[in-house]
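Overview (structure and organization)
The residues making up each chain are set out below.
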Amino acid sequence: QVQLVESGGGQVQPGGSLRLSCAASGIIFSIYGMAWYRQAPGNQRELVADISSKGSTNYADFVKGRFTISRDNAKSTVYLQMSSLKPEDTAVYYCKVRLYSRDYWGQGTQVTVSS
């Protein structure tokens, strides 16, 4: 019943911007922290950013100053605003929530940064 659905991925040129969305259902969204991860082919899934139920944010060093995570509790949605995109940002981006010591993941959305 817990569902996370990402959207907003696509292909952009280096230096471009993209906003990802993750719509959650089956949970009381406002009381949980949310996170964005990404995984490139052959790589492990890595944390990009997270946001607490109170709105506090943390970012991986490689996206600081370029990405912004935010949430809209009324829409049960977490966003990842991505700017100054680099080819190395190319990956499948996933949103995640932890409930009862297990993680729930969305299906992922592809972000491709290339010319």
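Located above this text is the structure these notes cover.
Everything quoted here is computed from the prediction, not taken from an experiment.

1. Section: the state of the cysteines
Under the counting rule described, the total for this entry stands at 1 disulfide. Disulfide partner of Cys-22: Cys-95, at an S-S distance of 1.8 Å. Between Cys-22 and Cys-95, the S-S dihedral sits near 50°, and the bridge is therefore right-handed. Pair noted here: Cys-22 is in strand β3 (residues 18–25) and Cys-95 is in strand β9 (residues 91–99), with a separation of 73 residues, a long-range link. Like Cys-22, the residue Cys-95 is buried in the burial classification.

2. Describing the pattern of salt bridges
One pass over the full model with this rule turns up 6 salt bridges. Here Glu-46 makes a salt bridge to Arg-38, at a shortest N to O gap of 2.9 Å. A residue is classified by how much of its surface remains accessible, and Glu-46, at 32% relative accessible area, is partly exposed. Residue Arg-38 is classed as buried on the basis of its relative accessible area, which comes to 6%. With its nearest N and O atoms 2.8 Å apart, the salt bridge here joins Asp-89 to Arg-38. Taken together, the residues span a long stretch of sequence, with Asp-89 in the loop between β8 (77–82) and β9 and Arg-38 in strand β4 (residues 34–39) at a distance of 51 residues. Both residues of the pair, Asp-89 and Arg-38, belong to the buried class. The structure contains a network of salt bridges with shared partners spanning Arg-38, Glu-46, Arg-66 and Asp-89.

3. Quick look at the nonpolar core
Core analysis: the largest hydrophobic core is formed by 30 residues, its most contacted members being Trp-36, Val-78, Leu-80 and Tyr-93. Of all the secondary structure elements, the ones that give two or more residues to this core are β3, β4, β5 (46–51), β7 (67–72), β8, β9 and β11 (109–113). In terms of residues, this core owes the most to one element, β9, which gives 5 residues.

4. What to know about the environment of Asn-58
In this structure, Asn-58 sits in strand β6 (residues 57–59). Each C-alpha atom of the pair Asn-58 and Ala-35 lies 9.3 Å from the other, and the pair is 23 residues apart in sequence. Once you skip the residues sitting within four places of it in the chain, Asn-58 turns out to touch Val-48, Ala-49 and Asp-50.

5. Some remarks on the sheet that holds strand β1 (residues 3–7)
What the 4 strands build is an open sheet, ordered β1-β3-β8-β7; its pairing is antiparallel. The sheet terminates laterally at β1 and β7, the two strands that pair on one side only. Taking the axes of each pair of neighbouring strands and ignoring which way they run, one obtains an average angle of 15° across the sheet. Where β1 meets β3, 5 bridges bridge the pair, whose relative direction is antiparallel. Looking across to β3, one finds that Glu-6 is bridged to Cys-22.

Reading the values: the criteria
Residues numbered from 1 in each chain as written. Predicted model: local features only at pLDDT ≥ 70, side-chain atom pairs only at ≥ 80, totals over all residues. Heavy atoms only, no water. Disulfide = S-S within 2.5 Å. Helix = DSSP H or I, 4+ residues; strand = E, 2+ residues; numbered from the N terminus. Buried < 20%, exposed > 50% of the residue type's maximum accessible area, 1.4 Å probe, protein only. Salt bridge = Lys/Arg side-chain N within 4 Å of Asp/Glu carboxyl O. Core = buried A, V, L, I, M, F, W, Y, C linked by side-chain atoms within 4.5 Å. Contact = heavy atoms within 4.5 Å. Pairing = 2+ DSSP bridges. Axes fitted to C-alpha atoms, helices over the stretch in contact; angles between N-to-C directions.

Read these as spatial facts, not as claims about activity.
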